[in-house]
Amino acid sequence: MIEEKELGPLSFIPIAARKPWGGCSLAKGLGKCFTEICDDGKEHPIPENELIGESWELADMGAQDSVVCDGPLAGETIGGIMKEYGEKIVGPEVMRRYGARFPLLIKYLDIEDKLSIQVHPDDEFAGKNFGSLGKAEMWYIIDAKPDARMYLGFNRDLTPEEFRDACKSGTADRLLNVIHPKKGDAIFIRPGTVHAADGGIVLCEIQESSDLTFRLYDWGRELNPATARKMQLEEALELIDFKKYDGSGFRAADAPSTENSRKCILRCPQFTISHLTLFDSMKIGDERPDGFVVYNCLKGKVSLRYDGPSGKTGCKMVQGDTVLVPACCTGYELIPSEEGSELLESCSGI
């Protein structure tokens, strides 16, 4: 049992996930410092040239459970904190809906090579078959090379048989709708939407607290014993939306702000996400979202100052940092030390 302590903003140790499609941008671009437990039982740094596909920033996923990096709760897991503090972390409405599990999974991704063609289930299917949440997710593009591609949905209406045959013959990509993402674009990937990506993309991913992914085609890697991962094409056919993609999940980047701004870029039942640009301090009071708030620093440097019961406290964020502000932390201020600093602000969709 965790000793009762005053809650303030929480930062966590990032968890590195090696992926065959990953790169080095999370370490070299976002400044991530990853470690791992090696055969000697000690913690060692992961070299910058290792291919890391994902940085799990805030995860309540059992074995993959984020650990607080500093402050009074340093060393505690988000799972343990949720069991001990519950409503103080997420608020009563979120607690009623999700129970003692943090409802979002926050990641940074570095997609340097081809991400597998995949699909995620909705809450109904995931709950019935896996006792889990589904996986609605949003990608916010931090950086993208000129030839980067994202595959999102289909370029025409299909039948399941047509898609199955294309995956078997290695031509599935010819059926997919292609987007050339740019910095600042936001893409909502609804459950049932087939998707993939390639060519140099760094992004922030906000999703439900679920790791349910059905891989449909892996660009031939599944045929090589050294790189093969399990495919779930047949199991996934009933999940897929085979209609032509209508473009409704894509939001192009806004023109840069020249003053303080908060713009909602996605509101759905699972989460609400806004983009903040800071040239001056921004006080967050009664207008803050109900329940918890998570900030991802996309650009610049920002201090979060919280007036807690025992006085002022807070934390500093630079590009690539992630901070959870518990529901009980009402009344705080975001102060940029670089004009034009940018944050993503995420909360539950309730």
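First, a word on scope: everything that follows refers to the structure included in this document. (Residues numbered from 1 in each chain as written. Predicted model: local features only at pLDDT ≥ 70, side-chain atom pairs only at ≥ 80, totals over all residues. Heavy atoms only, no water.)

**Thoughts on the nonpolar core**
Move 1: Counting residues in hydrophobic clusters, the biggest one holds 42 residues, and the most contacted among them are Ile89, Phe102, Met138, Phe271 and Leu324.
Move 2: With four residues, the single largest contributor to this core is helix H2 (residues 78-85).
Move 3: Ranked by size, the runner-up nonpolar core spans 24 residues in total, among them Ala172, Phe214, Leu216 and Leu239. (Core = buried A, V, L, I, M, F, W, Y, C linked by side-chain atoms within 4.5 Å. Buried < 20%, exposed > 50% of the residue type's maximum accessible area, 1.4 Å probe, protein only. Helix = DSSP H or I, 4+ residues; strand = E, 2+ residues; numbered from the N terminus.)

**A short note on the pairing of strand S22 (residues 301-308)**
Move 1: Side chains of S22 alternate between two faces, with Val302, Leu304, Tyr306 and Gly308 buried and Lys301, Ser303, Arg305 and Asp307 left unburied.
Move 2: With five bridges joining them, S22 and strand S25 (residues 332-336) adopt antiparallel strand pairing. When the bridges of S25 are listed, Arg305 appears paired with Glu333. (Pairing = 2+ DSSP bridges.)

**Observations concerning helix H5 (residues 123-130)**
Because an α-helix completes one turn every 3.6 residues, residues spaced three or four positions apart along the sequence face the same direction.
Move 1: Sitting at the amino-terminal end of H5 is Asp122, which places a side-chain oxygen 3.3 Å from the backbone nitrogen of Glu124.
Move 2: A positive backbone phi angle near 60 degrees is found at Gly131, which sits one or two residues after H5. (Polar contact = N/O pair within 3.5 Å; in protein donor to acceptor, adjacent residues only side chain to side chain.)

**Topic: the sheet that holds strand S5 (residues 52-58)**
Move 1: Strand order in this open sheet of seven strands is S2-S5-S8-S15-S10-S13-S17, and the pairing throughout is antiparallel. Strands at the two margins of the open sheet, each flanked by one partner only, are strand S2 (15-23) and strand S17 (250-251).
Move 2: Of the pairings in the sheet, the one linking S5 to strand S8 (residues 104-111) comprises four bridges and is antiparallel in character. Counted as the bridge partner of Trp56 is Lys107 from S8.

**Section: the sheet that holds strand S9 (residues 115-119)**
Move 1: The strand order across the open sheet formed by five strands is S12-S11-S14-S9-S16, and the pairing between neighbours is antiparallel. Each edge of the open sheet is held by one strand with a lone partner, namely strand S12 (176-179) and strand S16 (214-217). Across the sheet, the mean angle separating the axes of adjacent strands is 30 degrees when strand polarity is ignored.
Move 2: Pairing of strand S11 (residues 149-154) with S12 involves three bridges; the strand directions are antiparallel. Looking at S12, one finds that Met150 is bridged to Ile179. (Axes fitted to C-alpha atoms, helices over the stretch in contact; angles between N-to-C directions.)

**Section: the pattern of salt bridges**
Move 1: For the coordinates displayed, the defined rule picks out 16 salt bridges.
Move 2: Between Arg96 and Glu93 there is a salt bridge, with its nearest N and O atoms 2.3 Å apart. Highlighted residues: Arg96 and Glu93, both in helix H4 (residues 92-98), separated by three residues, approximately one helical turn.
Move 3: For Glu93, a relative accessible area of 43% corresponds to the partly exposed category.
Move 4: Salt-bridge contacts for Arg221 lead to Asp218; the nearest nitrogen and oxygen are separated by 2.8 Å. Comparing Arg221 with Asp218 shows no difference in burial state: the two are buried.
Move 5: Look at the salt bridges and you will find they share partners, linking Glu54, Lys107, Lys135, Glu205 and Asp211 into a network. (Salt bridge = Lys/Arg side-chain N within 4 Å of Asp/Glu carboxyl O.)

**What about the layout of surface pockets?**
Move 1: Computed from the structure, the largest pocket encloses a volume of approximately 520 Å³.
Move 2: In this structure, the largest pocket is lined by 30 residues; those nearest its centre are Leu10, Ser11, Cys69, Asp70 and Cys315.
Move 3: Elements supplying a minimum of two residues to the lining of the largest pocket: strand S1 (10-11), strand S23 (311-318) and strand S24 (322-325).
Move 4: In terms of residue count, S23 provides more of the lining of the largest pocket than any other element does, five residues in total.
Move 5: Tyr140, Gly184, Asp254, His275 and Glu342 are, among the 24 residues lining the second largest pocket, the residues nearest its centre.
Move 6: Those elements giving two or more residues to the lining of the second largest pocket turn out to be strand S10 (137-144), strand S18 (261-267), strand S19 (271-278) and strand S21 (293-299). (1 Å grid on protein atoms, 1.4 Å probe; cavity = no way out; pocket = protein on both sides within 12 Å on 5 of 7 lines; lining within 4 Å. Points joined across faces, edges and corners; volume = space filled by probe spheres on them.)

**Regarding the packing of aromatic side chains**
Move 1: A full pass over the atoms with the stated rule returns eleven aromatic pairs.
Move 2: With a centroid separation of 6.4 Å and 85 degrees between ring planes, the pair formed by Phe188 and Phe271 is classed as edge-to-face. Taken as a pair, Phe188 in strand S13 (residues 186-189) and Phe271 in strand S19 lie far apart in primary sequence, 83 residues in all. Both residues of the pair, Phe188 and Phe271, count as buried.
Move 3: Relative to Tyr332, the ring of Tyr295 has its centre 6.2 Å away and its plane inclined at 80 degrees; by these criteria the two rings are edge-to-face. (Phe/Tyr/Trp six-rings, centres within 6.5 Å; stacked < 30°, edge-to-face > 60°.)

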